[in-house]
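Residue-level structural notes
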Amino acid sequence: MTRAQLSLLAAAGSAALLAGAFAFQYIGGLAPCQLCLWQRWPHAAAVVIGALMLALGWRVLAWAGALAALASAAIGAFHVGVEQKWWEGLASCTAGSIEGISTADLLNPDVVVAAPVRCDQIAWALAGISMAGWNVILSLVLAAIWVMAARAKA
(Lines give C-alpha, C1' and ligand atoms only; values in the text may rest on other atoms or scores of the structure.)
Protein backbone atom coordinates (compact mmCIF):
# COMPACT_ATOMS: atom_id res chain seq x y z
CA MET A 1 0.00 0.00 0.00
CA THR A 2 1.11 3.57 -0.60
CA ARG A 3 1.72 6.20 2.06
CA ALA A 4 -1.54 7.92 1.12
CA GLN A 5 -3.55 4.71 1.35
CA LEU A 6 -2.06 3.76 4.72
CA SER A 7 -2.62 7.27 6.06
CA LEU A 8 -6.21 7.18 4.88
CA LEU A 9 -6.69 3.80 6.57
CA ALA A 10 -5.24 5.04 9.87
CA ALA A 11 -7.22 8.29 9.82
CA ALA A 12 -10.39 6.37 8.96
CA GLY A 13 -9.68 4.07 11.91
CA SER A 14 -9.51 7.05 14.25
CA ALA A 15 -12.70 8.44 12.73
CA ALA A 16 -14.40 5.07 13.29
CA LEU A 17 -13.28 5.00 16.94
CA LEU A 18 -14.66 8.50 17.42
CA ALA A 19 -17.92 7.52 15.74
CA GLY A 20 -18.17 4.52 18.05
CA ALA A 21 -17.53 6.65 21.11
CA PHE A 22 -20.22 9.13 20.08
CA ALA A 23 -22.63 6.26 19.33
CA PHE A 24 -22.10 4.83 22.81
CA GLN A 25 -22.67 8.31 24.24
CA TYR A 26 -25.63 9.56 22.22
CA ILE A 27 -27.35 6.34 21.14
CA GLY A 28 -26.34 4.02 23.97
CA GLY A 29 -26.68 6.63 26.71
CA LEU A 30 -23.25 5.97 28.22
CA ALA A 31 -21.90 9.34 29.32
CA PRO A 32 -18.10 9.56 29.04
CA CYS A 33 -15.83 10.22 31.99
CA GLN A 34 -13.02 12.78 31.87
CA LEU A 35 -10.42 10.22 30.75
CA CYS A 36 -12.77 8.97 28.02
CA LEU A 37 -13.04 12.50 26.68
CA TRP A 38 -9.27 12.96 26.75
CA GLN A 39 -8.81 9.77 24.72
CA ARG A 40 -10.94 11.27 21.93
CA TRP A 41 -8.78 14.35 21.27
CA PRO A 42 -5.74 12.52 19.82
CA HIS A 43 -8.07 10.60 17.49
CA ALA A 44 -9.57 13.89 16.30
CA ALA A 45 -6.03 15.15 15.71
CA ALA A 46 -5.23 11.97 13.76
CA VAL A 47 -8.22 12.57 11.48
CA VAL A 48 -6.99 16.11 10.77
CA ILE A 49 -3.45 14.83 10.28
CA GLY A 50 -4.77 12.25 7.83
CA ALA A 51 -6.52 14.95 5.81
CA LEU A 52 -3.33 17.02 5.77
CA MET A 53 -1.34 13.95 4.78
CA LEU A 54 -3.60 13.35 1.79
CA ALA A 55 -3.39 17.00 0.76
CA LEU A 56 0.33 17.57 1.34
CA GLY A 57 1.91 14.11 1.38
CA TRP A 58 4.58 15.06 3.89
CA ARG A 59 6.14 12.00 5.53
CA VAL A 60 6.49 13.84 8.85
CA LEU A 61 2.70 14.00 9.10
CA ALA A 62 2.55 10.20 9.24
CA TRP A 63 4.90 10.30 12.23
CA ALA A 64 2.63 12.91 13.81
CA GLY A 65 -0.34 10.59 13.22
CA ALA A 66 1.56 7.78 14.97
CA LEU A 67 2.23 10.06 17.93
CA ALA A 68 -1.45 11.02 18.11
CA ALA A 69 -2.50 7.35 18.14
CA LEU A 70 0.14 6.58 20.79
CA ALA A 71 -1.10 9.50 22.90
CA SER A 72 -4.61 8.07 22.90
CA ALA A 73 -3.22 4.62 23.73
CA ALA A 74 -1.24 6.07 26.65
CA ILE A 75 -4.28 7.86 28.07
CA GLY A 76 -6.28 4.69 27.57
CA ALA A 77 -3.64 2.60 29.37
CA PHE A 78 -3.76 5.00 32.30
CA HIS A 79 -7.55 4.72 32.25
CA VAL A 80 -7.39 0.91 32.29
CA GLY A 81 -5.11 1.12 35.32
CA VAL A 82 -7.63 3.35 37.07
CA GLU A 83 -10.47 0.97 36.19
CA GLN A 84 -8.51 -2.01 37.50
CA LYS A 85 -7.54 -0.09 40.68
CA TRP A 86 -3.83 -0.47 39.87
CA TRP A 87 -3.40 3.23 40.67
CA GLU A 88 -5.44 6.28 41.64
CA GLY A 89 -7.24 8.21 38.98
CA LEU A 90 -7.95 11.89 38.69
CA ALA A 91 -9.73 13.49 41.61
CA SER A 92 -12.21 15.04 39.20
CA CYS A 93 -13.58 11.71 38.04
CA THR A 94 -13.08 9.18 40.82
CA ALA A 95 -14.12 11.01 43.95
CA GLY A 96 -17.57 12.24 42.96
CA SER A 97 -16.33 15.77 42.34
CA ILE A 98 -18.84 18.60 42.10
CA GLU A 99 -16.31 20.92 40.48
CA GLY A 100 -17.95 23.36 38.09
CA ILE A 101 -21.38 23.21 39.74
CA SER A 102 -22.45 26.46 41.36
CA THR A 103 -23.59 26.63 44.97
CA ALA A 104 -26.91 28.04 43.80
CA ASP A 105 -27.50 24.99 41.58
CA LEU A 106 -26.53 22.61 44.36
CA LEU A 107 -29.05 24.21 46.72
CA ASN A 108 -31.83 24.62 44.15
CA PRO A 109 -34.19 21.59 44.25
CA ASP A 110 -35.45 22.43 40.74
CA VAL A 111 -32.03 21.89 39.20
CA VAL A 112 -31.05 18.29 38.49
CA VAL A 113 -27.36 17.86 39.19
CA ALA A 114 -26.21 14.54 37.76
CA ALA A 115 -23.43 12.64 39.46
CA PRO A 116 -20.13 12.87 37.61
CA VAL A 117 -19.18 9.83 35.57
CA ARG A 118 -16.52 7.91 37.43
CA CYS A 119 -13.34 6.88 35.62
CA ASP A 120 -12.76 3.95 37.94
CA GLN A 121 -15.94 2.09 37.00
CA ILE A 122 -16.24 0.06 33.79
CA ALA A 123 -19.44 1.09 32.02
CA TRP A 124 -19.18 -1.45 29.17
CA ALA A 125 -16.88 -4.31 28.22
CA LEU A 126 -16.53 -6.83 25.42
CA ALA A 127 -14.68 -10.10 25.98
CA GLY A 128 -13.66 -8.82 29.41
CA ILE A 129 -11.98 -5.74 27.94
CA SER A 130 -13.34 -2.27 28.73
CA MET A 131 -13.81 0.49 26.18
CA ALA A 132 -10.58 2.06 27.43
CA GLY A 133 -8.82 -1.27 26.93
CA TRP A 134 -10.15 -1.60 23.39
CA ASN A 135 -8.99 1.95 22.72
CA VAL A 136 -5.47 0.97 23.79
CA ILE A 137 -5.43 -2.08 21.53
CA LEU A 138 -6.92 -0.35 18.50
CA SER A 139 -4.84 2.82 18.97
CA LEU A 140 -1.66 0.71 18.98
CA VAL A 141 -2.80 -0.93 15.73
CA LEU A 142 -3.45 2.52 14.25
CA ALA A 143 -0.03 3.73 15.42
CA ALA A 144 1.55 0.77 13.62
CA ILE A 145 -0.34 1.67 10.44
CA TRP A 146 0.87 5.27 10.74
CA VAL A 147 4.46 4.02 11.13
CA MET A 148 4.01 1.86 8.03
CA ALA A 149 2.74 4.96 6.23
CA ALA A 150 5.77 6.96 7.34
CA ARG A 151 8.10 4.24 6.04
CA ALA A 152 6.18 3.61 2.79
CA LYS A 153 7.05 5.01 -0.57
CA ALA A 154 5.01 7.98 -1.65
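Everything below is about the structure printed above this text.
Description of the structure in this document.

Thresholds, definitions, all that
Residues numbered from 1 in each chain as written. Predicted model: local features only at pLDDT ≥ 70, side-chain atom pairs only at ≥ 80, totals over all residues. Heavy atoms only, no water. Helix = DSSP H or I, 4+ residues; strand = E, 2+ residues; numbered from the N terminus. Buried < 20%, exposed > 50% of the residue type's maximum accessible area, 1.4 Å probe, protein only. Polar contact = N/O pair within 3.5 Å; in protein donor to acceptor, adjacent residues only side chain to side chain. Core = buried A, V, L, I, M, F, W, Y, C linked by side-chain atoms within 4.5 Å. Contact = heavy atoms within 4.5 Å. Patch = residues over 30% accessible without salt bridge, like charges linked within 9 Å, V, L, I, M, F, W, Y side chains within 5 Å. Areas by Shrake-Rupley, 256 points an atom, 1.4 Å probe, with all protein chains shown as cover. Salt bridge = Lys/Arg side-chain N within 4 Å of Asp/Glu carboxyl O. Axes fitted to C-alpha atoms, helices over the stretch in contact; angles between N-to-C directions. Parallel < 35°, antiparallel > 145°, perpendicular 65-115°, else oblique. Left-handed = near helix turned anticlockwise from the far one by under 90°.

1. As for unusual backbone geometry
- Positive phi outside glycine occurs at Lys-85, with the angle close to 65°.
- By secondary structure assignment, the location of Lys-85 is in the loop between helix H3 (59–83) and helix H4 (91–94).
- What makes Lys-85 exposed here is its relative accessible area of 57%.
- Although it is not a glycine, Ala-127 sits at a positive phi angle of roughly 60°.
- Among the secondary structure elements, Ala-127 is positioned in the loop between strand S1 (125–126) and strand S2 (129–130).

2. Examining the environment of Ser-72
- Considering the arrangement of structural elements, one finds Ser-72 in helix H3.
- By relative accessible area, Ser-72 is classed as buried at 0%.
- Sequence separation of Ser-72 and Ser-139 is 67 residues, and the distance between their C-alpha atoms is 6.6 Å.
- A distance of 3.0 Å separates a polar atom in the side chain of Ser-72 from a polar atom in the side chain of His-43.

3. As for the nonpolar core
- In this structure, Leu-6, Ile-49, Ala-62, Ala-69, Ile-145 and Trp-146 are the most contacted members of the largest nonpolar core, which totals 18 residues.
- Mapped by element, the contributors of at least two residues to this core are helix H1 (3–26), helix H2 (34–56), H3 and helix H6 (131–151).
- When residues in this core are grouped by element, the largest group, 6 residues, is from H6.
- Not counting the four nearest positions on each side in its chain, Ile-49 is found in contact with Leu-61, Ala-64, Gly-65, Ala-68 and Trp-146.

4. Remarks on a nonpolar patch on the surface
- Residues Val-48, Leu-52, Leu-56, Trp-58 and Val-60 make up a contiguous nonpolar surface patch of about 490 Å² in total accessible area.
- Sort the elements by how many residues they give to the nonpolar patch and H2 lands first, with 3 residues.

5. Describing the packing of H3 against H6
- Viewed as axis vectors pointing N to C, H3 and H6 meet at an angle of 165°, and their least axial separation amounts to 8 Å. Here H3 is positioned roughly antiparallel relative to H6, judged by the angle of their axes. The two elements H3 and H6 cross, and the hand of that crossing is left-handed.

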